[in-house]
Amino acid sequence: MRAESGARSRELASGTPWPAVGTDQDCAALRATSLMVQGRNWADSVRFAEVALSQPPCRDDPVCVWRALVTLTAAGELTAADARCARLVEDVDPQLAGTEHRLAMMLRVRARIAVQRGDLAGARATLEELLTVPAPRPVRLVSAGWLAEVLVGMDAVDQAAALLARHDFDAAVQWRAPCRPMLLAARGEVRVAAGQAQAGLRDHLASGRGFLAQRVTNPAIAPWRGRAALAAMTVRREDLAVDLAEQELAAAQRWGEPRVLGAALATVAVVRGGDEVEQLSEAADLLEVARARRELSLVRYQLGVRLAARNELSAARSSLSAARALAERVGDPRGQRAAEAALRGLGGPTEALTGKEEQVARLARAGLGNREIADRLAVSVRTVELRLSSAYRKLGIAGRDGLRTALR
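Everything numeric in this text was worked out from a predicted model, so none of it was measured.

Once that is clear, we can look at the side chain of Gln-116. Within the secondary structure, Gln-116 is located in helix H7 (residues 99–117). Beyond its immediate chain neighbours, meaning those up to four positions away, Gln-116 contacts Thr-73, Leu-78, Arg-259, Arg-291 and Ala-292.

Written out as structure tokens, the structure is:
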């Protein structure tokens, strides 16, 4: 019993949800997590996670519940994971983990869900709350690293760098601890964003070696290849960038979750350069399915730039307007500025459609007449006409015929 208690304490303090290499996998949660971190058999990962959440003894064990929720999150089952997060503090055996440990696990899952949904402000608030909860140092460091990555996404790079300095990341990444690859990944993101791409690339590659040593290959947990590929492009190591991006795509295809696959496809398109409109369009479709707003905003921007290069200006304007609206929604001012600059380069109007204008425009694109749209939306025909006229002006088109290309 004492050995079992000691093992549980190490698991809670490690900062990582996956078991150590060689751990005897004698429960559904361990099986789910093992399949998930290896990035194979998505369906069985989800099935074992559901078993762990519904059947004893796993359903009463906070560590098992945490692992199952992490698995569902990595599998893109965000609604299911979010609905069960509260169980970590309300519906598990409290003797197996203290209140603070269980609260920290719940907040970590909720932070990851927020990140994957593109809710950077929500993720930031959750992680800042998490850092006020007493927890072992590895857990605090991982939380600080995630918060730094969120701050980078919000274009608060100086704040991210200051946060890592406060937590002495330069010393922490020297540890031989299970969380070390996650800390290197966070520092790599901050360094790349701060203009230190070569140092960031080294961090990402070292992070990857650490993850591989722990048999963590799923880009849903550790997208180090994609990040390293973009850093390699920045320092003009094109061959390395393409190799890493293609490895990331192969790993994403093995896992098959739309968000991960869409992000990997987009990375390959970006590092290859050239046109790549079809690949970026496919990536956008996958990210739309996954409702991954932050990744979608970046892909819409890249797609818009390439459509503009093809002189498909209506489609480019639509894609860039969508990129700008998404960037504003997720709280990414840098992405918003980039999309606005690209829109200005196209000339003509640059305003984004409102939700109501887009709704009317898409119904018109589907072939509905003004009266049918008015009846469906319970508004007047005049309101439909005004919203369509505004949409045409913003999209830079003359009428309904232009909607097919402008609203991709």
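After presenting the structure, the write-up continues.
With that settled, the discussion passes to the packing of helix H8 (residues 120–130) against helix H9 (residues 137–153). The interhelical angle for the contact between H8 and H9, taken along N-to-C directions, is 155 degrees, at an axis separation of 9 Å. As summarised for this structure, H8 and H9 are arranged roughly antiparallel, according to the angle between their axes. The interaxial crossing formed by H8 with H9 has left-handed handedness. Facing Leu-120, Ala-123, Arg-124, Leu-127, Glu-128 and Leu-130 of H8, the residues of H9 in contact are Ser-143, Trp-146, Leu-147, Val-150, Leu-151 and Gly-153.

Looking along the chain, the bond that leaves Pro-56 and enters Pro-57 is cis, with omega of 5 degrees. Secondary-structure assignment places Pro-57 in the loop between helix H3 (42–54) and helix H4 (62–74). Phi is positive for Asn-41, close to 60 degrees, though the residue is something other than glycine. Note that Asn-41 resides in the loop between helix H2 (28–37) and H3. Even without being glycine, Ala-378 reaches a positive phi, approximately 60 degrees.

Taken as a whole and assessed by the stated rule, the structure comprises 23 salt bridges. Across the salt bridge formed by Asp-375 and Arg-371, the nearest N and O atoms sit 3.8 Å from each other. Taken together, the residues Asp-375 and Arg-371, both in helix H22 (residues 370–377) and 4 residues apart, mark about one turn of the helix. Of the two residues examined, Asp-375 and Arg-371, each falls in the exposed class. If you follow the salt bridges from partner to partner, you end up with Arg-59, Asp-60, Arg-87 and Asp-91 in one network.

In this section: the confidence of the model for the protein. Per-residue confidence for the protein averages 90 on the pLDDT scale, and 92% of its residues sit at or above 70. Element-level pLDDT for the protein is lowest in helix H1 (residues 2–14), with a mean of 54, against a maximum mean of 98 in helix H10 (residues 157–166). Contacts from residues 1–5, a stretch scored under 50 in pLDDT, to residues over four places away or in other chains number 0 contacts.

Moving on: the packing of aromatic side chains. Considering all chains together, one arrives at 0 aromatic pairs under this definition. Above the plane of the ring of Phe-48 lies Arg-47, whose end atom (NZ or CZ) is 4.6 Å from the centre. The ring of Trp-146 carries Arg-112 above its face, with NZ or CZ at 4.7 Å from the centroid.

Looking now at the environment of Leu-163. Within the secondary structure, Leu-163 is located in helix H10. According to the relative accessible area criterion, Leu-163 is buried, its value standing at 4%. Once the C-alpha coordinates of Leu-163 and Arg-215 are considered, the two residues, 52 residues apart in sequence, prove to be 29 Å apart. Filtering out sequence-adjacent residues up to four positions away, Leu-163 remains in contact with Ala-144, Leu-147, Ala-148 and Leu-151.

Considering the arrangement of structural elements, one finds His-204 in helix H13 (residues 197–213). Accessibility expressed as a relative area gives 0% for His-204, which makes it buried. Separated by 22 residues in the primary sequence, His-204 and Met-182 have C-alpha atoms spaced 9.6 Å apart. If near-sequence neighbours (up to four positions away) are discounted, His-204 is found in contact with Ala-185, Gly-188, Glu-189, Val-192, Trp-224, Arg-227 and Ala-228.

Basis of the calculations
- The written sequence of each chain sets the order in which its residues are numbered from 1.
- In keeping with the predicted nature of the model, local features appear solely for residues at pLDDT of at least 70, side-chain atom pairs appear and are counted solely at 80 or more, and the whole-chain, interface and lining totals rest on all residues.
- Here the side-chain values reflect all heavy atoms present in the structure, with hydrogen atoms and water set aside.
- The secondary structure listing takes helices from DSSP runs of H or I that are at least 4 residues long and strands from runs of E that are at least 2 residues long, numbered from the N terminus.
- Any two residues whose heavy atoms approach within 4.5 Å are treated as being in contact.
- Throughout, an axis means a line fitted to C-alpha atoms (over the contacting stretch in the case of helices), and angles, computed between N-to-C directions, take values from 0 to 180 degrees.
- By definition in this entry, angles of less than 35 degrees are roughly parallel, angles greater than 145 are roughly antiparallel, angles of 65 to 115 are roughly perpendicular, and the rest are oblique.
- Each helix crossing is assigned a hand: it is left-handed if the near helix lies turned anticlockwise from the far helix by less than a right angle, otherwise right-handed if that turn is clockwise.
- Salt bridge, as used here: a side-chain nitrogen of Lys or Arg that lies within 4 Å of a carboxyl oxygen of Asp or Glu.
- Buried means the residue's accessible area, taken with a 1.4 Å probe over protein chains only, is under 20% of the maximum for its type, while exposed means over 50%, and partly exposed covers the values in between.
- Per residue, pLDDT captures the predictor's confidence, and it can take any value from 0 to 100.
- The criterion for an aromatic pair is that two Phe, Tyr or Trp rings (for Trp, the six-membered ring) have centres within 6.5 Å, with stacked assigned to planes under 30 degrees apart, edge-to-face to planes over 60 apart and tilted to the rest.
- The rule for a charge over a ring is simple: NZ of Lys or CZ of Arg within 6 Å of the ring centre, and within 35 degrees of the ring normal.

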